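# Per-entry structural report
The residues making up each chain are set out below.
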Amino acid sequence: MERNLMKGNEALAEAAIRAGCKCFFGYPITPQTEISAYMAKRMPKIGGVFLQAESEIGAINMVLGAASTGTRVMTSSSSPGISLKAEGISYIAGSDLPCVIINVQRGGPGLGGIQPSQADYWQATKALGHGDFHVIVFAPSTVQEMVDLVTKAFDLADIYRMPTMILADGLLGQMMEPVTFPDQQSINEYDKSWAADGHKNKRKHNIINSLILSPEDLEKSVQERFERYDKIAKEEAMAQCYLTDDADIVLVAYGATARVTQSAVDLAREKGIKAGLVRPQTLWPFPADHIRTASENASSLLCVEMSMGQMIDDVKLAINCSKPVHFYGRTGGVIPTPTEILTEIENISGGAKE
Amino acid sequence: MNKTMHKEILLAGFGGQGILFGGKVLSYFGLIDGKEVSWLPSYGPEMRGGTANCSVCISDKPIGSPLILTPSELIVMNSPSFDKFINAVQPGGNVFIDSTLIEQRCERDDINCYYIPATMLANQNNLVGLANIIMMGKFIKETKIAQPETVKKAIEMCVPPSRSHLIEANLKAIEIGMNYKED
């Protein structure tokens, strides 16, 4: 397979097309605009649709419409734009429709800045809109993983009939790295008998709807959805462990921050400190089992994020607060350095240990 | 050449000097030679007319942070960037300075500095806009980061098809940089 040098945003867009994405609706915002630009160039050539909507709200409702027909559809934005899409995402979840949403995060709140951030963790994993619902959230940490996880995001969206999200950040979107695409990619087909794609009087109408006025019926539909969520929590959580087997201090970091943290773990090892890293690849479902197992013999944990501390809540829950969970974070678009994290590791572990 | 290679290269200058393009050419050296590579541009408002910089890592090992704060090599093409980054260079590092645009001299004695009047050389040789590539030529010469065939291939891959007539000029600029000797 040929190695290509591509920006994260462009690689992700190419991967989406190869995964069978036929419609893209978006509105430009830094630092994800290359996704839109790439789709604008490529979609017409493959017989797909690229449409720059009048706003993020317009774009997400176009996604709802296209998803209703069973078409693979995607939208992308960055933090403030994702907030605008919140209502539409809730409607899509309530209508049990599959789609993929990309958030290339930037600093917030408000218009914030345009540099990399991970301050939308709570939004993505806890409340991407109103009502009782979840979306599956993937957290790539390399350009290659942006590619690999997009295919998975489309597949799981179809399998569970729900929105999935790639939670990236400005660093991953803007950086170039070597990336390979499979020579031949078969697109998995899933049952779409629910789709409103024209019945030609040969079957009953399919109705796509999120309005259920009877409390009993609405409760039933939400409970049914949560049965699916239980299955997802059991089967779809993903994480990678690095040097955790003998680790005395286990670091937890995702996305771009995980790369920086891994360098810090290497520096700590050089100094004789037994550090390890758990890198969640899904944020919902959260890989609680991975973290519990990896930290069984550790005396403490250190959560590193580009925020004031959001994922740390889930880390504490994963181990039932049975051990101290420390935190180090930078926010507003500042990227932590390996040396800063190393200092934190040294402070916690009290220097080198044999 | 068998030693583990790990270079943290920072390129800095004005927007429009081809800083990001220069970084892209370097990244392709690594790509072609089967190394791990990362390229990260500054993408803030400074892109629109002010300073531009770009971090490139080329390594035998997987790359952690693609953001370089303390480069092992610095390629610098304007005064403000020289002042900003010269003290961040790792001891023993290499610095490549466009001496047409930068009057300062480096006062550190723990790094190797190369002064190349790249912008002047570009103007003299009818290669306006290719001072960045002349800098690249000197960089290749001193760091031996890539073989001539890799360099040629990288240039061919980086220049877009619509501008393929510029490939020759780019290769000439590399040569001028490689052959430049300081007085």
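Residues numbered from 1 in each chain as written. Chains lettered and ligands numbered in written order. Predicted model: local features only at pLDDT ≥ 70, side-chain atom pairs only at ≥ 80, totals over all residues. Heavy atoms only, no water.

### Remarks on the overall build of chain B
Each helix and strand counted, chain B has six helices and six strands in total. Listing each helix as α and each strand as β along chain B from the N terminus yields β-α-β-β-β-α-β-β-α-α-α-α. The C-alpha radius of gyration of chain B comes to 15 Å, within 12% of the 16 Å expected for a compact globule of 183 residues. The buried share among the 183 residues of chain B stands at 55%. With an accessible surface of roughly 8,500 Å², chain B has 51% of that area assigned to carbon and sulfur atoms. With 17 positive and 19 negative side-chain charges, chain B shows a spacing of 4 Å between the two charge centroids. (Helix = DSSP H or I, 4+ residues; strand = E, 2+ residues; numbered from the N terminus. Rg over C-alpha atoms; globule rule 2.2 N^0.38 Å. Buried < 20%, exposed > 50% of the residue type's maximum accessible area, 1.4 Å probe, protein only. Areas by Shrake-Rupley, 256 points an atom, 1.4 Å probe, with all protein chains shown as cover. Lys, Arg positive; Asp, Glu negative; His and termini not counted. Charge placed at Lys NZ, Arg CZ, Asp CG, Glu CD.)

### Digging into the domain arrangement of chain A
Residue and element names in this part refer to chain A. Under the domain assignment, chain A is made up of domain 1 (4-235) and domain 2 (239-349). The C-alpha centroid of domain 2 is placed 28 Å from the C-alpha centroid of domain 1. Interface of domain 1 and domain 2: buried area, both sides summed, is about 2,400 Å²; carbon and sulfur atoms make up 55% of it. Ranking the residues of domain 1 by area buried against domain 2 places Gln118, Tyr121 and Trp122 at the top, with a combined share of 30%. One salt bridge in this structure joins glutamate 145 and arginine 279, with 2.8 Å as the shortest N-O distance. Between domain 1 and domain 2 we count 18 residue pairs in polar contact (both at pLDDT 80 or more) in total. Going through the elements one at a time, helix 5 (121-126), strand 6 (136-138), helix 6 (143-160), strand 7 (163-169), helix 7 (170-174) and helix 8 (215-235) are the ones with two or more residues in the side of domain 1 that touches domain 2. A total of four residues in the side of domain 1 that touches domain 2 trace back to one element, the largest contributor, which is helix 5. A breakdown of the residues in the side of domain 1 that touches domain 2 according to their chemical character gives 19 nonpolar, nine polar and five charged. (Domains from an automatic or database assignment. Buried area = accessible area lost by both parts, 1.4 Å probe. Salt bridge = Lys/Arg side-chain N within 4 Å of Asp/Glu carboxyl O. Polar contact = N/O pair within 3.5 Å; in protein donor to acceptor, adjacent residues only side chain to side chain. Nonpolar A, V, L, I, M, F, W, Y, C, P; charged D, E, K, R; others polar.)

### Some points on the interface of chain A and chain B
Each side of the interface is counted separately: chain A has 21 residues, and chain B has 21 residues. Summed over both partners, the interface of chain A with chain B buries about 1,700 Å², with 66% contributed by carbon and sulfur atoms. In this assembly, chain A and chain B are joined by five residue pairs in polar contact (both at pLDDT 80 or more). Broken down by secondary-structure element, the contributors of at least two residues to the side of chain A that touches chain B are strand 1 (4-7), helix 7, strand 8 (176-179) and helix 9 (255-270) of chain A. (Contact = heavy atoms within 4.5 Å.)

### Some remarks on unusual backbone geometry
Residue and element names in this part refer to chain A. With omega at 0°, the peptide bond leading from glycine 108 into proline 109 counts as cis. The residue proline 109 is located in the loop between strand 5 (99-105) and helix 5 in this model. Of note, the bond from tryptophan 284 into proline 285 is cis; its omega dihedral lies within 30 degrees of zero at 0°. For proline 285, the position within the fold is in the loop between strand 12 (282-284) and helix 10 (288-294). Unusually for a residue other than glycine, cysteine 321 sits at a positive phi of about 55°. Along the chain, cysteine 321 turns up in the loop between helix 11 (311-318) and strand 14 (325-329). For cysteine 321, a relative accessible area of 54% gives the class exposed.

### Looking at the sheet that holds strand 10 (residues 249-252) of chain A
Residues and elements named next belong to chain A. Strands sit in the order 9-11-10-13-14 across an open sheet of five strands; the sheet is mixed. Each edge of the open sheet carries a strand with a single partner, namely strand 9 (239-242) and strand 14. In this sheet, adjacent strand axes meet at a mean angle of 20° when their direction is disregarded. Here strand 13 (residues 300-305) runs beside strand 14; their pairing, made up of five bridges, is parallel. By the bridge assignment for strand 14, leucine 301 is matched with valine 325. (Pairing = 2+ DSSP bridges. Axes fitted to C-alpha atoms, helices over the stretch in contact; angles between N-to-C directions.)

### Brief notes about the packing of helix 9 of chain A against helix 12 (residues 338-349) of chain A
Residues and elements named next belong to chain A. Here helix 9 crosses helix 12 at 55°, and the two axes come no closer than 8 Å. Considered as vectors, helix 9 and helix 12 are oriented oblique to each other. Like other packed secondary-structure pairs, helix 9 and helix 12 cross with a definite hand, here right-handed. Facing helix 9, whose interface residues are Val260, Thr261, Ser263, Ala264, Leu267 and Ala268, helix 12 presents Pro338, Ile341, Leu342 and Ile345. Of the residues that constitute the contact of helix 9 with helix 12, the class distribution is eight nonpolar, two polar and no charged. (Parallel < 35°, antiparallel > 145°, perpendicular 65-115°, else oblique. Left-handed = near helix turned anticlockwise from the far one by under 90°.)

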